[in-house]
Amino acid sequence: MELAAEDFVCVALREALTAYGGHATLQARNIHLDEGGAIRMRPDLVWYGESGVPLAVADAKYKAGRPQGYPDADLYQMLAYCTSLGLKNGHLVYAKGNAPHAGHMVRHSGIVLHRHALDLGQAPSVLLSAVSALTVSMVRP
């Protein structure tokens, strides 16, 4: 269930981003944390502009029902993605988590890490509307 939920979220985001041009890549390759290219990373989704410059990054997580909320490690992972891609905003998308949307400004960096929750149990039209709204927040931070 976990992988299917994460795949659905990423494909839905990719499809919603087509309205804004550019292209979105799932399980993006050739992204490294270090200058030497030894530390490989694979964000679930990277949206690139027409010129090939990264414009947004998202990672889907299926952690529904966790009473302690979202783990800090997810935020650290997104910070690494934003840093390596040169982005000021990163988006963690949870399948029905326990916390509302939140944005965290990372000290001394200017990077904002956003946490979103999507209720995958909603009617399809309502769920796709929520994905569209989330996409707008990714495109216009």
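Everything below is about the structure printed above this text.
It should be emphasised that the depicted structure is a prediction, and the values quoted were computed from it without experimental measurement. (Residues numbered from 1 in each chain as written. Predicted model: local features only at pLDDT ≥ 70, side-chain atom pairs only at ≥ 80, totals over all residues. Heavy atoms only, no water.)

> How should I be thinking about the overall build of the protein in this particular structure?
In terms of regular secondary structure, the protein is built from three helices and eight strands. Put simply, the protein runs from its N terminus to its C terminus through helices and strands in the order α-β-β-β-β-β-α-β-β-β-α. Relative to its length of 141 residues, the protein is compact, with a C-alpha radius of gyration of 14 Å against a globular reference of 14 Å. The C-alpha extent of the protein, read off along each of the three principal axes, is 45 × 35 × 25 Å. (Helix = DSSP H or I, 4+ residues; strand = E, 2+ residues; numbered from the N terminus. Rg over C-alpha atoms; globule rule 2.2 N^0.38 Å.)

> For this particular structure, what's the right way to read the packing of helix 1 (residues 2-17) against helix 3 (residues 124-139)?
For the pair helix 1 and helix 3, the least separation of the axes is 9 Å and the interaxial angle reads 65 degrees. Crossing of helix 1 over helix 3 shows right-handed handedness. Residues Phe-8, Ala-12, Leu-13, Ala-16 and Leu-17 of helix 1 form the contact with helix 3, whose own contacting residues are Leu-127, Leu-128, Val-131, Leu-134, Thr-135, Met-138 and Val-139. By residue class, the composition of the contact of helix 1 with helix 3 is eleven nonpolar, one polar and no charged. (Axes fitted to C-alpha atoms, helices over the stretch in contact; angles between N-to-C directions. Left-handed = near helix turned anticlockwise from the far one by under 90°. Contact = heavy atoms within 4.5 Å. Nonpolar A, V, L, I, M, F, W, Y, C, P; charged D, E, K, R; others polar.)

> Looking at this structure, how should I read the pattern of salt bridges?
Two side chains that carry opposite charge are able to pair once their charged atoms sit near each other. Counted under the stated rule, the structure contains three salt bridges. When the shortest N-O distance is used, the salt bridge between Glu-15 and Arg-14 registers 3.2 Å. Judged by relative accessible area, which is 44%, Glu-15 ranks as partly exposed. For Lys-61, the salt bridge goes to Asp-74, with nearest N and O atoms at 3.9 Å. With Lys-61 in strand 5 (residues 54-61) and Asp-74 in helix 2 (residues 72-85), the pair connects residues that are 13 residues apart, well separated along the chain. Taken individually, Lys-61 and Asp-74 each receive the classification buried, so the pair is uniform in this respect. Among the charged side chains, a network of salt bridges with common partners joins Asp-59, Lys-61 and Asp-74. (Salt bridge = Lys/Arg side-chain N within 4 Å of Asp/Glu carboxyl O. Buried < 20%, exposed > 50% of the residue type's maximum accessible area, 1.4 Å probe, protein only.)

> Could you clarify how one ought to interpret helix 3 in this entry?
For an α-helix, the turn length of 3.6 residues means that residues three or four places apart are oriented alike. For helix 3, which comprises 16 residues, the first-to-last C-alpha distance of 22 Å matches the rise-based estimate of 22 Å (1.5 Å per residue) to within 8%. Looking only at helix 3, the buried set comprises Leu-127, Val-131, Leu-134, Thr-135 and Met-138. The buried residues of helix 3 occupy an angular sector of 105 degrees when the element is viewed end-on, so they sit on one face. Here the buried face of helix 3 lies against helix 1, strand 4 (45-48), strand 5, strand 6 (89-95) and strand 8 (112-118). (Expected span 1.5 Å × (residues − 1). Arc of directions from axis to C-beta.)

> Would you explain the pairing of strand 5 in this entry?
The buried count for strand 5 comes to seven of eight residues, which makes it a mostly enclosed element. Relative to strand 5, strand 4 is paired through four bridges, and the arrangement is antiparallel. Residue pairing in the sheet places Val-46 in a bridge with Val-57 of strand 5. Hairpin connection from strand 4 to strand 5: five residues lie between these consecutive antiparallel strands, with Gly-52 at a positive phi of about 90 degrees. In the sheet, strand 5 pairs with strand 6 via four bridges, with the strands oriented parallel. Considered in strand 6, the bridge of Lys-61 is made with Tyr-94. (Pairing = 2+ DSSP bridges.)

Keep in mind these values describe shape, not function.
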